[in-house]
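# Inside the fold
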Amino acid sequence: MPLSDRVLMGPGPCNPYPEVVEAMTRPMLGHLDPEFLSVLDETCDRLRAVFRTANALTLPISGTGSAGMEAAFVNVVHDGDVVVVGVNGVFGERMCDVAARCGAEIVRVDEEWGRALDPQRLLDAHPSPAVIAVVHAETSTGVRNDIAPLGAGKGDALLLVDCVTSLAGIPVEVDGWGVDVAYAGTQKCLGVPPGLAPLTVSDRARERLVVRPRSWYFDLGLIGEYTGPARKYHHTAPVTAVLGLHAGLGTVLAEGLERSWARHAECGRLVQDGLQKLGFSLVADDDCRLPQLTTAWLPDGVDDAITRRTLLERFGIEVGGGLGVFAGRAWRIGCMGHTARPRNVTLLLGALAEVLAR
Ligand code: PLP
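Residues numbered from 1 in each chain as written. Predicted model: local features only at pLDDT ≥ 70, side-chain atom pairs only at ≥ 80, totals over all residues. Heavy atoms only, no water.

### Let's talk about the site of the ligand
Inspection of the region around the ligand gives 13 residues, with Thr64, Ser66, Thr139, Asp162 and Lys188 positioned closest. At 2.9 Å, a backbone N or O of Gly65 approaches an oxygen atom of the ligand. Within the complex, 87% of the 390 Å² of free accessible area of the ligand lies under protein. Classifying every residue of the shell around the ligand gives 4 nonpolar, 6 polar and 3 charged. (Near = heavy atom within 4 Å. Polar contact = N/O pair within 3.5 Å; in protein donor to acceptor, adjacent residues only side chain to side chain. Areas by Shrake-Rupley, 256 points an atom, 1.4 Å probe, with all protein chains shown as cover. Nonpolar A, V, L, I, M, F, W, Y, C, P; charged D, E, K, R; others polar.)

Given below as structure tokens:
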């Protein structure tokens, strides 16, 4: 089966939107070509629309979602700052590591994998943290953590949120929820190949940015000048990746964010109902289960590696294995971006029924 027929239903990347593929195969432009600069600025405007923010400092960081995480932390965490981190999966754990490397004193609020963090526990964890950091959509467990109560109760703290798997798949309201720093990735619900990390920073957070942070490349004092009318050379923009993101955001906004969320919700329901009929049980609690990323326990007697390999080789369908403590026992099935179509769910469930019956 040709590689072009792959249906990417892992935790990412998903299949890119056709408009993205077209944009990324356009002739190369110089990174200072006026045509490219206007695409870059329009990409920042489109990111504001998708993040639902008026933040002036909104741009695609060159690098994957992890670059967004690192850029977020190095710029707002000062040596010795108290940072409250919610941990209910791999990416919350990773936030602790990144924040610790910035010199933070970490106050962890742990929750069992598969359950959502209790916002009140995060708010009560320390009387005056500098930063409260949470992953909105935990890709390792398929759980959605509530953000709005954190924004309402954060007091003087900055609220830093990982939106890598949530942006365009479920509602994200940066300004409406009082989020100060948010970052995402391109390869999930935005339907764009991996390589950029959309980042947005509130004016309130900008007033507290670390001067000369530990990273030169991610220093927002320098990168801030990479976009906008007063631009200066900082690094060579990954032109092709930006053209792809520009097109992906255009597709998402033309569909409408609400319609994109509804499509992800519908596909998530279909995946989850179908998996349960096939003997899988769902890991995440009902009230916090993500539609775009389903984590499911394998039925007894089903071999993880062999079954996933058969799906890939016979049907061209990729699903993800479990991460961390879920490895070998659970699957992560993504239905994101252009992949989030009912026909792909039908294909997956039909193929899976056939493979399990053998
Ligand atoms: N945060 C979350 C929630 C993720 O799911 C991921 C990747 O899957 C990352 C951060 C890291 O992103 P990347 O792998 O693009 O560096």
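Let us keep going from here.
### Notes on the state of the cysteines
Per the counting criterion, the structure on display carries 0 disulfides. The closest cysteine sulfur to the non-disulfide-bonded Cys44 is located on Cys163, 17 Å from its own sulfur. (Disulfide = S-S within 2.5 Å.)

### Quick look at the sheet that holds strand β8 (residues 158-162)
Spatial strand order, β2-β10-β9-β8-β5-β3-β4: 7 strands in an open sheet with mixed pairing. Only two strands of the sheet have a single partner each, and these edge strands are β2 (57-62) and β4 (105-110). Recorded for the sheet is a direction-independent mean angle of 20° between the axes of neighbouring strands. Across the sheet, helix α2 (residues 34-51) lies against β2, β9 (181-183) and β10 (196-201), angled at about 110° from β2, the strand it touches most. With respect to the sheet, helix α4 (residues 90-101) is in contact with β3 (82-87), β4, β5 (131-135), β8 and β9, its orientation differing from that of β3 by roughly 160°. (Pairing = 2+ DSSP bridges. Helix = DSSP H or I, 4+ residues; strand = E, 2+ residues; numbered from the N terminus. Axes fitted to C-alpha atoms, helices over the stretch in contact; angles between N-to-C directions. Contact = heavy atoms within 4.5 Å.)

### A few points about a nonpolar patch on the surface
Residues Trp216, Tyr217 and Leu222 make up a contiguous nonpolar surface patch of about 300 Å² in total accessible area. Owing to a relative accessible area of 31%, Tyr217 belongs among the partly exposed residues under this scheme. (Patch = residues over 30% accessible without salt bridge, like charges linked within 9 Å, V, L, I, M, F, W, Y side chains within 5 Å. Salt bridge = Lys/Arg side-chain N within 4 Å of Asp/Glu carboxyl O. Buried < 20%, exposed > 50% of the residue type's maximum accessible area, 1.4 Å probe, protein only.)

### Quick look at the domain arrangement of the protein chain
Taken domain by domain, the protein chain holds domain 1 (3-14 + 256-356) and domain 2 (18-255). Each partner contributes residues to the interface: domain 1 has 31 residues there, and domain 2 has 35 residues. Carbon and sulfur atoms supply 60% of the area that domain 1 and domain 2 bury against each other, a total of about 2600 Å² over both sides. When the buried surface of domain 1 facing domain 2 is broken down by residue, Leu257, Trp261 and Leu290 rank first, second and third, together holding 24% of it. (Domains from an automatic or database assignment. Buried area = accessible area lost by both parts, 1.4 Å probe.)

### Structural notes on the packing of aromatic side chains
Scanning the model with the defined rule gives 4 aromatic pairs in all. Taking 5.2 Å as the distance between ring centres and 80° as the angle between the ring planes, the aromatic pair formed by Trp113 and Phe326 counts as edge-to-face. A residue pair is termed long-range when its members are at least 10 positions apart, and Trp113 in the loop between β4 and α5 (119-124) and Phe326 in the loop between β13 (317-321) and β14 (330-334) qualify at 213 residues. Overall, the relative accessible area of 25% leaves Trp113 in the partly exposed class. Ring centres of Tyr217 and Phe218 lie 5.4 Å apart, and the angle between their planes is 70°; on these two criteria the pair is classed as edge-to-face. (Phe/Tyr/Trp six-rings, centres within 6.5 Å; stacked < 30°, edge-to-face > 60°.)

### Quick word on the nonpolar core
Residues Ile61, Phe73, Leu160 and Leu199 are the most contacted members of the largest nonpolar core, which totals 94 residues. Of the residues that make up this core, three or more belong to each of domain 1 (3-14 + 256-356) and domain 2 (18-255). In terms of nonpolar packing, the next biggest core, distinct from the first, is built from 23 residues, Phe315, Ile333, Cys335 and Leu348 among them. (Core = buried A, V, L, I, M, F, W, Y, C linked by side-chain atoms within 4.5 Å.)

### Focus: the sheet that holds strand β1 (residues 7-9)
Reading across from one edge, β1-β13-β14-β12-β11 is the order of the 5 strands in this open sheet, with mixed pairing throughout. Only two strands of the sheet have a single partner each, and these edge strands are β1 and β11 (281-282). Here β1 pairs with β13 via 3 bridges, running parallel. Bridge assignment links Val7 to a residue of β13, and that residue is Ile317.

### Points about the pattern of salt bridges
By the definition in use, this model includes 20 salt bridges. Of the charged contacts, one joins Arg108 and Glu93 as a salt bridge, the two residues approaching to 2.7 Å between their closest N and O atoms. Residue Arg108 is located in strand β4, and its partner Glu93 is located in helix α4; the two are separated by 15 residues in the primary sequence. Since its relative accessible area comes to 38%, Arg108 is described here as partly exposed. Here Arg108 and Asp110 are joined by a salt bridge, their closest N and O atoms 2.7 Å apart. Each of Arg52, Glu173 and Glu258 takes part in salt bridges that share partners, so that together they form one network.

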